[in-house]
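In case you want the letters, here they are:
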Amino acid sequence: MKMANPIQWARYRWQRLFSTDRNNSYNSSFPGWFKNSRSPKIGHKNRTVIPCLGRFTEEYEKVIKNYKTNRIQTTKYTLLNFIPMNLFEQFHRAANLYFLFLAILNWVPSVEAFQKEITMLPLVVVLVIIAIKDGLEDYRRYKFDKQINNRRTKVYDKQAKKYRTKWWKDVRVGDFVRLFCNEIIPADMVLLYSTDADGICHIETSNLDGETNLKQRQVVKGFTELDSEADPEKFTCRIECEGPNNDLSKFKGYMEHWNKERVALSKENLLLRSCMIRNTEAVTGIVVYAGHETKAMMNNRGPRYKHSKLERQLNRDVLWCVALLLVMCLIGAFGHGIWLNGFSKIPIFGIQEPNGTRGHPVLAGFLIFWTMIILLQVLIPISLYVSIEIVKLGQILILQSDIDLYNESTDSAIQCRALNITEDLGQIEYIFSDKTGTLTENKMIFCRCNIAGVEYSHEDNAKRLELYQDDNSEVVTNPFMGATSKYQHSDSSRTPSTPPSRNSLNCLPSNSSILRDKDDDEYEISATASHVAFSSSIERDVTPDSLLFRKLGQIMSNPLLLLEETGKEFSPEFSYIVDFFFALTICNTVVVSCLTQPGQRVKIPAISNIPIKSLEDIKQMFQRFSVPRMSSPSLSLLKDSFIDNSSTFAGRLLNRVKPASPSALKEPNVAAAGSAKNRKSSQISAGEDSNDIPEEDDKTAGSFMDPGTSTDKCNILKLRYEAESPDEAALVHAARAYNCTLISRTSDQVTVELDHIGRLQFQLLHTLPFDSIRKRMSVVVRHPLTNKVVVYTKGADSGMMDLLNVSGDRQQKRIREKTQNYLDGYAKEGLRTLCIAKKVMSDADYAEWVKFHLIAETSIDNQEELLLESALKLETNLTLLGSTGIVDRLQEGVPDTILALRRACIKTWVLTGDKQETAVNIAYACKLLEEKDTIFILNAHNKEACEDLIHKLIAEITEQTTDEKNTPCVGSSPSSSSDGELHIALVIDGKTLEFALHESLQDKFLELSKRCRAVICCRSTPLQKSKVVHLVREKLKVMTLAIGDGANDVSMIQMADVGIGISGQEGMQAVMSSDFAISRFKHLKKLLLVHGHWCYIRLANMILYFFYKNVAYVNLLFWYQIFCGFSGAPMIDYWILIFFNLLFTSVPPIVYGILDKDVSAETLLQLPELYTSGQRSEAYLPSIFWISILDAFYQSLVCFFIPYFVYFDSDVDVYTFGTPINTAMLFIIFLHLIIEGKTWTWIHWAVMIGSVVLYFTFALIYGGTCVNCNPPSNPYFTMEYELTRPLFYLVCLLATFVALLPRYFFRVFQGTVFPSPLLKARQLDRLRNNERVEPFPDGKLSRATVQQSL
């Protein structure tokens, strides 16, 4: 089969793809065509939505069985299943299963070690505590579910044939729901009707994603023209859409009418559950997803759970404890067997077999093995896991209460979304950071531009940026506007040289040419504007370039220059300038509202119905009524134009021009793609001319039922722009500075006001939003003057330059070359660049494209691929108009934070989508790069060239390493070695990064990057970001942290060991996917260097202390077995034995784990090098673990054998012997904690003393009341008797002193002879404030420096 051109190939593909007879024949005919098409996700099959009305009733009953109701249940349990289900969940933990096994084992008479109830007590206590916690949490969820399910909403009742109030839980898929302003949406529903005349509905998604900016939703095409609310009884459509999923950014489907005509559905038509209706009086929709199938519920995943590095080390050491327990039990088994074998006849305590013989020693040893396991079970710390959860919760509360991590301007504090990886913050080795919005403010400020190859430097605007200060909101005098720019929104207007007091917001400089009093209303307006995203005064107030302003003034003075076909007497540059500003104003998704009525969308009354049939009519009209050409703009005229731009006669005539209807596309299905107003007219058949279409009736805006705001009521000075991205806001504000003002935007038209001309209404045909693949966005409009379809496109140069039409056009080639040079220059200055282009389409070409686009819109399975192909077809053969340079300032404190992280030996990688020059410039500004750094650029066009270049760079760095003497970094690890001091940085672009991430080059790329102290990846995609993080984390085995603020950073954040989201101006997607959320990058400094260090040190010391405590106490029982034939008998009462670890000694280590501070926050911030101890895991090394275990063995030996020798050959009973041993161990354990602790507060003392008092109180009460609790032995009055004997106090004192003496001397010797950096820093903390030294000038913490300071 041979096709004539690529368009026919595309048509054939789409026709085959969407044909009713689908088979696999086309796959075999055209192999490889569909290899990039993604198959539908498993479990996400399409669904059909029909109403339970009319002819659909029977079919509805069949399909509704497969869909869930709107009732939600987030609870896990009911009253009947709580106990079995909770126990089932708890016994999924290995520790609980272990202790359950021991409890069951103790019920076997042959191996019983304790009373059956006593063995079960620790397990029961842990299970009950966790069950109570789970039950309370579940009860809270139950009350919340009940509150949500019992909310009320209006649902159409087919019996009553009217809307009635129903509970949310009774809403079903296919129901018609009516909602009013400020009402929460009960289920995901397709919007069918809005009281807004243009079919617009605003929703607030703060309940869903935390974003407070209003989102705009659109009524389904074909329903906008309804003058009254849609009647559900007359609804004859069927909805086919994708199955339930958690993707908030997409919705694919179509609505099929009774005549089989399909209308595409997208996320713009979907109202999501939990969002709130705003600024719209009433809406009606049909439910497509209900209950747990809604996108909101499918995104409700709860807290994130990750395993920290310390937790993995803990699990390893628990296995060592298990091995130690088995060894001790084997020793006991062999010892008991050997001991029994030493008796020639049956001992008096032996138990005979039924036949009168004694049992075999091997069998006895086997039984004792299990008895010893029960006796020494405390060696496995069951309470440790509960204690760790409590400590982490306390650490999070302390972290969230830190005032230094609070941002007053946004009223936001740090959020801890992952509850169990706080200690990982103290072990980070690599940081992967986004640039825009993370390192920078994400406040895009228009800086300069070039049009048609001519650059306009905007020097006055650059001076304004230099003098601008956020603290006092200075306003630089505009040379064209007077002292206060007419597009100025702030209430404060002053000159930089005389900043007034902050207390006065209404004062003006004496030389101001404009004086007006500020009343309270205007102050409130300014306050309202300050809360709009991307609308701060520094972004809004743009000072125009004098040359460009003069040129544009000349064009506006002669409206003939706006036309394309006016002959050659005018410069082509004028056309480029006008289209450039049209593109800035139109090519966006900005919503226009009024400051006096926040959130109320500005609307424009419909234009008059006087058709202009030819371009000649327009020319003759302008020639008769155009104003004289001006040589320079007049200040007074500029002011007047902003007061009433429609007052000129030419402007009034322009307001009578009606845009041509897109229904001239000569196909019935194409007419459906036009504006909503045109769809109201009758369908046209092939061959009809657009002039034969009956004109629509006039509509007036601002009616009582319409919440929109007319510009007659809203002064142009008080317009407010709500943008989804800072780039859009910056460009719209820049165009407004040149008197090209965006007045209104609806679903089908955009109104622009030009100085001297008046208002032009562009018919908005299509909007192709920005995506990370195309890296551009486009709008398709019908020009109000030329009556042609025009495509305006803006995007990154990497996604635009290859689409330009430069073949045979010398002018375009020249413009492209000059623009590229300007772009490179802008990037070197650190500016964000955008290319602006246009394309004029004939009606035939537009009709051809619309056919393809409609098929793509109404597809479900392959919608992304088809929409991408449709966009690529449209965005070709573009005419380059110019480019813009936008500056994004660094956040406050970023350079200091980067330097501190570098001193902490944390390597920082910047992963950004910006150009190389821009990224490198920002890297220099934020101190990631320094002037003395050697920068290696890794750019290659293919994999082989990339490999050769990597080998070359490695060889060059190796040569440098051998030639220079390196000073190892304090925290140098095997992964970073000592080349942190080489001052080498690597810059790589996205295309080369794709080659470097290939499996065959990964190791070499990592070898190269390890030798660099900074790596900058430019033009990287979100997928590449996540791949880089995964590669470094898995290959180098290092702790990674990823930080970003946008949706494109989500995959990177989720891939890292610790993900941090910044709650900036790009929404909350990054925050909702992160483990921690902060508001500024500078907060990362204290979060890691202080809180991360504290959390790691505290938890590591507490875990080591738990192991030490348990091993020391268990060994007391083990040493006693030597003297009782390894029979498994204890010398301590069972209840005292169980409560010792469970109650008496459990609280002090928890308090230390939450409140202990080894070094103050000030010292940790002054000396970031201290952070390297966490990177090397110095607090929890295997050697430290085994030293603690050996120390526990030593202390248990001392604690046992000193009382043994004291009471040797005496007649004391077993409990009289065991009580001083148990008491001495209590004091040893607590004093050991005092030696290891670094902080003392009243809380520590209270807990310590309280635990000792509790021990003695329980022992006295238990000993005084337990007459026959544990036969045949009894602890009755044992403690009371011991407290009256001086020997008891001597034994406890001597054992405690001898046991702790080695550890105390070791700590003294360590602090004197070979102190660690942390010990030196602790000594600095102990100095008095007036003697304390400043941070070391060289940033190093050497022993000589500390000794000299002390």
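Here is a short report on the structure shown in this document.

The rules behind each value
- Residues numbered from 1 in each chain as written.
- Predicted model: local features only at pLDDT ≥ 70, side-chain atom pairs only at ≥ 80, totals over all residues.
- Heavy atoms only, no water.
- Core = buried A, V, L, I, M, F, W, Y, C linked by side-chain atoms within 4.5 Å.
- Buried < 20%, exposed > 50% of the residue type's maximum accessible area, 1.4 Å probe, protein only.
- Helix = DSSP H or I, 4+ residues; strand = E, 2+ residues; numbered from the N terminus.
- Phe/Tyr/Trp six-rings, centres within 6.5 Å; stacked < 30°, edge-to-face > 60°.
- Contact = heavy atoms within 4.5 Å.
- Axes fitted to C-alpha atoms, helices over the stretch in contact; angles between N-to-C directions.
- Parallel < 35°, antiparallel > 145°, perpendicular 65-115°, else oblique.
- Left-handed = near helix turned anticlockwise from the far one by under 90°.
- Nonpolar A, V, L, I, M, F, W, Y, C, P; charged D, E, K, R; others polar.
- Pairing = 2+ DSSP bridges.

1. Notes on the nonpolar core
Soluble, globular proteins show a tendency: their nonpolar side chains are buried together.
Part 1 of the reasoning: Core analysis: the largest hydrophobic core is formed by 104 residues, its most contacted members being Leu376, Ile1103, Phe1107, Met1131, Tyr1180, Phe1200 and Met1225.
Part 2 of the reasoning: At 20 residues, helix H34 (residues 1083-1121) tops the list of elements feeding residues into this core.
Part 3 of the reasoning: Val542, Cys587, Tyr738 and Leu823 belong to the second-largest nonpolar core, a separate cluster that totals 67 residues.

2. Brief notes about the packing of aromatic side chains
Part 1 of the reasoning: The tally for this structure, following the rule as stated, stands at 51 aromatic pairs.
Part 2 of the reasoning: Ring geometry for Phe549 against Tyr738: centres 6.0 Å apart, planes inclined by 40 degrees, an arrangement best described as tilted. On the criterion of sequence distance, the pair formed by Phe549 in helix H15 (residues 546-557) and Tyr738 in the loop between helix H22 (726-737) and strand E22 (740-745) is long-range, its members being 189 residues apart. Side by side, Phe549 and Tyr738 carry an identical accessibility label, which is buried.
Part 3 of the reasoning: Summarising the aromatic geometry, the rings of Tyr1276 and Phe1277 are spaced 5.5 Å apart at their centres and angled 40 degrees between planes, so their arrangement reads as tilted.
Part 4 of the reasoning: With relative accessibility at 42%, the residue Tyr1276 sits in the partly exposed group.
Part 5 of the reasoning: According to the relative accessible area criterion, Phe1277 is partly exposed, its value standing at 43%.
Part 6 of the reasoning: An aromatic cluster of at least three residues, connected via ring pairs, comprises Tyr1120, Phe1123, Phe1200, Phe1201, Tyr1204, Phe1205, Tyr1207, Phe1208 and Phe1217.

3. Some remarks on the environment of Lys166
Part 1 of the reasoning: Among the structural elements, Lys166 can be located in strand E3 (residues 162-167).
Part 2 of the reasoning: Sequence separation between Lys166 and Val177 is 11 residues, and the spatial gap between their C-alpha atoms is 9.9 Å.
Part 3 of the reasoning: Those residues within four positions of Lys166 in sequence are excluded, and the remaining contacts are Arg151, Arg152, Thr153 and Val155.

4. A word on the packing of helix H35 (residues 1134-1144) against helix H41 (residues 1242-1265)
Part 1 of the reasoning: Between H35 and H41, the least distance of the axes is 11 Å, while the angle of their chain directions is 160 degrees. It follows from the interaxial angle that H35 and H41 lie roughly antiparallel. Between H35 and H41 lies a crossing of right-handed hand. Contacts between H35 and H41 involve Trp1135, Ile1136, Phe1139, Leu1143 and Phe1144 from the first element and Ser1251, Leu1254, Tyr1255, Phe1258, Ala1259 and Tyr1262 from the second.
Part 2 of the reasoning: Across the contact of H35 with H41, the residue classes tally to 10 nonpolar, 1 polar and no charged.

5. With respect to the packing of helix H23 (residues 810-828) against helix H27 (residues 916-925)
Part 1 of the reasoning: Direction vectors running N to C along H23 and H27 enclose 20 degrees, while the axes themselves pass 6 Å from each other. The orientation of H23 with respect to H27, classified from their angle, is roughly parallel. The handedness of the crossing between H23 and H27 comes out as right-handed. Of the residues in H27, those touching H23 at Asp824, Ala827 and Lys828 are Glu917, Thr918 and Asn921.
Part 2 of the reasoning: Its residues assigned to classes, the contact of H23 with H27 comprises 1 nonpolar, 2 polar and 3 charged.

6. Here we look at the pairing of strand E18 (residues 591-594)
Part 1 of the reasoning: Of the two faces of E18, the one carrying Val591 and Ser593 and the one carrying Val592 and Cys594 are both buried.
Part 2 of the reasoning: One ladder, built from 4 bridges, connects E18 with strand E21 (residues 719-722); its direction is antiparallel. What sits directly across from Val591, in E21, is Glu722.

7. What about the sheet that holds strand E4 (residues 176-180)?
Part 1 of the reasoning: The sheet built from 6 strands is open, its strands ordered E3-E2-E4-E13-E5-E11 with antiparallel pairing. Each edge of the open sheet carries a strand with a single partner, namely E3 and strand E11 (270-271).
Part 2 of the reasoning: Looking at chain direction, strand E2 (residues 152-157) and E3 are connected through 6 bridges and run antiparallel. Looking across to E3, one finds that Arg152 is bridged to Trp167.

These values are about where atoms sit, not about what they do.
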